[in-house]
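Each chain, letter by letter, is given below.
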Amino acid sequence: MKVITELKALREAIHHHKQSGCSIGFVPTMGFLHEGHLTLVKEARKQNDIVVMSIFVNPLQFGPNEDFERYPRDIERDSILAENAGVDILFIPVAEEMYPGTTSIKMNVTERVNVLCGKKREGHFDGVVTVLTKLFHLVQPDRAYFGLKDAQQIAVVEGLVQDYFFPVEIVRVPTVREEDGLAKSSRNVYLSEKERSEAPVLYESLEKVKNKIESGETSGDSIISEVTDFIHSRTSGQVEYVEVYSFPELTPIDDLKGEIIIALAVQYQKARLIDNMIISLNEEENQHV
Ligand code: AMP
């Protein structure tokens, strides 16, 4: 595995692989790798000649009161995990090169953004599409891999790629979970012991309403109340939102039909956890990820 920190060196390596006719799979991350990230690599490994992973804690996607400074980082451990998972190029840019000064154009996401996390995390998705535009141009991937745990991010990125004709296929990868159902996340390390023991309730609540929907429940409001009450009564975390939308458009729906997402966020003392379930109600059998 090659570790690259400079843009120039990355451009040269990509140029070389493109000249050789290699396909490139790309896994953008903020590091502190876990099995969720490594599953994206595994998928990329299957479908491409070269796998590029980036690790960059992107300052632009953190709000002033968010956890940019204390976001967990461990580049040494990450490098070992990335190499063992089959990454060919680990790109670790520095902020000064990614954002060298004032810009003449600012990106502003207008759809799929005023709901779920985007509602509270103002400017977050502007930061996400800005860094991904830069990374897509640098890495020139044939395919880029994103986890459905961050379903709104996938919806926004699919919008970006569609709107601006990026020649990249976005591959959605199902959420990887701990044995007790908690979605794996770099931020799980912030949970106290008690909070960690309560946190599986997020996924339990989604599983519970999935069964209800499969048994014929069609009211989004009733699903929202049920998930909220279930979590509220079983954990000290504060429910920030429980919302139901069409996916990936993220538009409100009256009746549950088509592809839908039930998504939630719960605030603990030092960690804000998100989870979701996407259910396709078109097919005979409901499918959840
Ligand atoms: P992050 O480092 O948190 O920005 O995540 C980098 C990528 O890994 C994003 O596409 C995430 O959606 C994905 N990811 C994070 N956690 C998981 C998980 N538990 N399962 C699947 N993908 C994940």
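Residues numbered from 1 in each chain as written. Predicted model: local features only at pLDDT ≥ 70, side-chain atom pairs only at ≥ 80, totals over all residues. Heavy atoms only, no water.

Just checking my understanding: could you explain the overall build of the protein for this structure?
Looking only at helices and strands, one finds 10 helices and 9 strands in the protein. Taking 2.2 N^0.38 as the reference for a compact globule, 289 residues should give roughly 19 Å; the C-alpha atoms of the protein span a radius of gyration of 19 Å, in line with that estimate. C-alpha extents for the protein along the principal axes are approximately 55 × 40 × 40 Å. Within the protein, buried positions represent 55% of all 289 residues. For the protein, contacts bridging at least 24 residues in sequence account for 72% of all contacts bridging at least 6. Here the protein displays about 14300 Å² of accessible surface, and carbon together with sulfur accounts for 48% of that area. Taken as two groups, the 31 positive and 46 negative side-chain charges of the protein have centres that lie 3 Å from each other. (Helix = DSSP H or I, 4+ residues; strand = E, 2+ residues; numbered from the N terminus. Rg over C-alpha atoms; globule rule 2.2 N^0.38 Å. Buried < 20%, exposed > 50% of the residue type's maximum accessible area, 1.4 Å probe, protein only. Contact = heavy atoms within 4.5 Å. Areas by Shrake-Rupley, 256 points an atom, 1.4 Å probe, with all protein chains shown as cover. Lys, Arg positive; Asp, Glu negative; His and termini not counted. Charge placed at Lys NZ, Arg CZ, Asp CG, Glu CD.)

In this structure, what is going on with helix α10 (residues 220-232)? I would like to understand it.
Structural remark: α-helix, 3.6 residues per turn; residues separated by three or four positions point the same way. If you check α10, its first and last C-alpha atoms are 18 Å apart, about what 13 residues at 1.5 Å a residue would give, namely 18 Å. Along α10, the positions that sit buried rather than exposed are G220, I223, E226, V227, F230 and I231. Angular distribution of buried residues about the axis of α10 spans 130°; they occupy a single face of the element. Turned more than 90 degrees off the buried face of α10, the exposed positions are D221, D229 and H232. Residues of α10 that are buried sit in contact with α9 (201-214), β7 (238-246) and β8 (259-267). (Expected span 1.5 Å × (residues − 1). Arc of directions from axis to C-beta.)

Even after reading the chapter, I still don't get the sheet that holds strand β6 (residues 169-173), so can you show me in this structure?
Note: strands within a sheet are paired through backbone hydrogen bonds, in either parallel or antiparallel orientation. Strand order in the open sheet made by the 6 strands is β1-β4-β3-β2-β5-β6, with parallel pairing throughout. What marks the edges here is a single partner per strand, and that holds for β1 (2-4) and β6. In this sheet, neighbouring strand axes are inclined to one another by 25° on average, regardless of whether the strands run parallel or antiparallel. The pairing of strand β2 (residues 24-29) with strand β5 (residues 143-147) spans 2 bridges and is classified as parallel. Directly across from G25, in β5, lies its bridge partner R143. (Pairing = 2+ DSSP bridges. Axes fitted to C-alpha atoms, helices over the stretch in contact; angles between N-to-C directions.)

Can you walk me through the pattern of salt bridges in this structure?
A side chain of one charge can pair with a side chain of the opposite charge if their charged atoms are brought near each other. Going through the model one piece at a time under the given rule, you end up with 19 salt bridges. Of the charged contacts, one joins K119 and E243 as a salt bridge, the two residues approaching to 2.9 Å between their closest N and O atoms. Taken together, the positions of K119 in helix α5 (residues 116-120) and E243 in strand β7 put the pair 124 residues apart, joining distant regions of the chain. By relative accessible area, E243 is classed as buried at 8%. Here D275 ties to R177 by a salt bridge, and the two come within 2.9 Å at their closest N and O atoms. Taken together, the residues D275 in strand β9 (residues 272-280) and R177 in the loop between β6 and α8 (193-198) connect sequence positions 98 residues apart. Comparing D275 with R177 shows no difference in burial state: the two are buried. (Salt bridge = Lys/Arg side-chain N within 4 Å of Asp/Glu carboxyl O.)

What is the right way to look at the sheet that holds β7 in this model?
Strands sit in the order β7-β8-β9 across an open sheet of 3 strands; the sheet is antiparallel. Of all strands in the sheet, those bounded by a partner on one side alone are β7 and β9. With direction set aside, neighbouring strand axes in the sheet form an average angle of 10°. Note: β8 against β9, 9 bridges, orientation antiparallel. Of the residues in β9, the one forming a bridge with A263 is N276. Each of β7 and β8 is contacted by α10, which is oriented at about 155° to β7, the strand it contacts most.

Which parts of the structure should I look at to understand the domain arrangement of the protein?
Many descriptions give the size of an interface as the accessible area lost when the pieces come together. Split by domain assignment, the protein resolves into domain 1 (2-173) and domain 2 (186-280). Using C-alpha coordinates to define each centre, domain 1 is positioned 26 Å away from domain 2. Both faces combined, the contact of domain 1 with domain 2 buries some 2000 Å², and carbon together with sulfur accounts for 55% of it. Considering only the side of domain 1, the residues that lose the most area to domain 2 are R70, R112 and L116, jointly responsible for 27% of the buried surface there. (Domains from an automatic or database assignment. Buried area = accessible area lost by both parts, 1.4 Å probe.)

Is there a simple way to think about the environment of V57 in this case?
Relative to the helices and strands, V57 is located in the loop between β3 (50-55) and α3 (75-85). For the pair V57 and P72, spaced 15 residues apart in sequence, the C-alpha separation works out to 9.4 Å. Dropping the residues within four chain positions of it, V57 is found in contact with M30, F62, F68, Y71 and R73.

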